[in-house]
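Spelled out from the first residue to the last, the chains are:
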Amino acid sequence: MSDLKELRISNDAMYHPEELQRRLADEGYLFFKRLVNPDKLWELRREMMSMIQEVGWLVAGTDPMDGIADLDMRYTEGDNEYSAGYAEVYKIENFHRSAHWLEYLDIVERMVGQAIMPHPQKIARIWFPKYTEHTTPKHQDFVHFQGSYDNITCWAPIGDCPIELGGLAVIPESHKVNRVLDHHFSLGAGGLIVHEDEHEDINPVWHSANYEAGDALFFPALTIHQALPNYTEDKLRLSLDNRYMLVGDTVAEHMLNPHEPSRLAWDDIYPHWQHEDLKYYWKDYDNRIVERDLSFGDKARVEVLELARAGNEHAIYALQRGARNSPETVEPEVLEVLDELGIKV
Ligand SMILES: O=C(O)CCC(=O)C(=O)O
Ligand SMILES: [Fe+2]
């Protein structure tokens, strides 16, 4: 993106809750440099990248801290192979614990002015280079994480993340649409894209940063954002995106579970941990749990069939991948469309 603007840095307001709340309401994001001591991120990076090397995604013999990807292993969310590697990273206790670091909890509490808690579901993104059609597309987080418009996402690189490595970009003030916009099928992570230029009340000026370890970007559930493509030759992008909710607010049931691409249950994860304090911690809170709204995904599933029939390559790829991943549960319509197109699963 050629006309990217710089995110506004809000370190000057870090200890002024009212100013943080004003900026969040006005601009739809807050960005801090070195909110967390970078050494904590470097330590987490070592642990996670070492596991990523162990599962075979980094070039053997390279320093795991450099994150040099094996380009023959390019996988993404939705691929069985991604799930297999991600599951090993997802078991790491410190990765889950990082969402509970006081630096994050304190600042979120100040920016919303109420008691908060991290969603049980934590997310790491392990993004391969030159695999850009799978980049996280433009979206509002509400379609994925639901529960409440007041949820706050925290996106943080685990290490440095210059523009070419594909950090997060937002449209300031886009949360002011004050509604969930129509989302469409996309091949990128999450599978849903919003076309911000379809909406007159949005001024689509994208902002991002050359992120450094310890930096963190926060935004509410309606702010439009996307990841930038990873254009590096050979580097993995490793980042956290975690969510915080107001204590006592509504939470969608699926956010109480591990992140789906890991294909794990808490009982698969907890035996790998050394401490007890974060196991099922949310059960001590009285939040309102609601069922997941499946309508966003359902709409995209209808669209993907139509697009595939019309020859859209991303749609065809998505159907093929789905059928290959879980042959036992593939919908008859999907097989029908692939058959019509003469494509073997
Ligand atoms: O890191 C990514 O690719 C996606 C992150 C994202 O959309 C989020 O943090 O909500
Ligand atoms: Fe998102």
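As the structure is a prediction and not an experimental result, all values here were calculated from the model.

Bringing the site of ligand 1 into the picture now. Looking at ligand 1, the residues that line it are Arg125, Thr136, His139, Asp141, Thr153, Trp155, Leu168, His225, Ala227, Arg237, Asp241 and Arg243. Contacts to ligand 1 include Trp155, whose side-chain N or O atom sits 3.1 Å from an oxygen atom. A distance of 2.7 Å separates an oxygen atom of ligand 1 from a polar atom in the side chain of Arg237. In isolation ligand 1 has 290 Å² of accessible area, and contact with the protein removes 99% of it. Taken together, the elements giving at least two residues each to the shell around ligand 1 come down to strand E5 (152-157), strand E11 (225-227) and strand E12 (237-246). Ranked by residues supplied to the shell around ligand 1, first place goes to E12 with three residues. The class makeup of the residues in the shell around ligand 1 is three nonpolar, four polar and five charged.

Partitioning the chain into domains gives domain 1 (5-292) and domain 2 (294-345). In this structure, domain 1 and domain 2 have C-alpha centres spaced 28 Å apart. On the domain 2 side, the residues contacting the 20 residues of domain 1 number 14 residues. Interface of domain 1 and domain 2: buried area, both sides summed, is about 1,400 Å²; carbon and sulfur atoms make up 56% of it.

What follows deals with the packing of helix H9 (residues 313-325) against helix H10 (residues 332-340). Between H9 and H10, the shortest axis-to-axis distance is 10 Å and the interhelical angle comes to 125°. By the angle between their axes, H9 is oblique relative to H10. Our pair here, H9 against H10, has a crossing hand that is left-handed. Taken together, the residues of H10 that come into contact with H9 (itself represented by Ile316, Leu319, Gln320 and Ala323) are Val334, Val337 and Leu338.

Bringing the packing of aromatic side chains into the picture now. Summed over the entire model, instances satisfying the criterion amount to 18 aromatic pairs. A centroid spacing of 5.0 Å and a plane angle of 85° characterise the contact between Tyr270 and Tyr280, whose relative ring orientation is edge-to-face. One end of the pair, Tyr270, is in the loop between helix H7 (266-269) and strand E14 (288-290); the other, Tyr280, is in the loop between H7 and E14, with 10 residues separating them in the sequence. An aromatic cluster is defined as three or more aromatic residues linked by ring pairs; in this entry it consists of Trp57, Tyr75, Tyr82, Tyr86, Tyr90, Phe95, Trp127 and Phe128. The positively charged end of Arg243 is found above the aromatic ring belonging to Phe145, 3.5 Å away from the centroid. Just above the ring of Tyr280 sits the side chain of Lys283; from NZ or CZ to the centre is 4.6 Å.

Cut-offs applied
- Residues numbered from 1 in each chain as written.
- Chains lettered and ligands numbered in written order.
- Predicted model: local features only at pLDDT ≥ 70, side-chain atom pairs only at ≥ 80, totals over all residues.
- Heavy atoms only, no water.
- Near = heavy atom within 4 Å.
- Polar contact = N/O pair within 3.5 Å; in protein donor to acceptor, adjacent residues only side chain to side chain.
- Areas by Shrake-Rupley, 256 points an atom, 1.4 Å probe, with all protein chains shown as cover.
- Helix = DSSP H or I, 4+ residues; strand = E, 2+ residues; numbered from the N terminus.
- Nonpolar A, V, L, I, M, F, W, Y, C, P; charged D, E, K, R; others polar.
- Domains from an automatic or database assignment.
- Contact = heavy atoms within 4.5 Å.
- Buried area = accessible area lost by both parts, 1.4 Å probe.
- Axes fitted to C-alpha atoms, helices over the stretch in contact; angles between N-to-C directions.
- Parallel < 35°, antiparallel > 145°, perpendicular 65-115°, else oblique.
- Left-handed = near helix turned anticlockwise from the far one by under 90°.
- Phe/Tyr/Trp six-rings, centres within 6.5 Å; stacked < 30°, edge-to-face > 60°.
- Lys NZ or Arg CZ within 6 Å of the ring centre and 35° of its normal.

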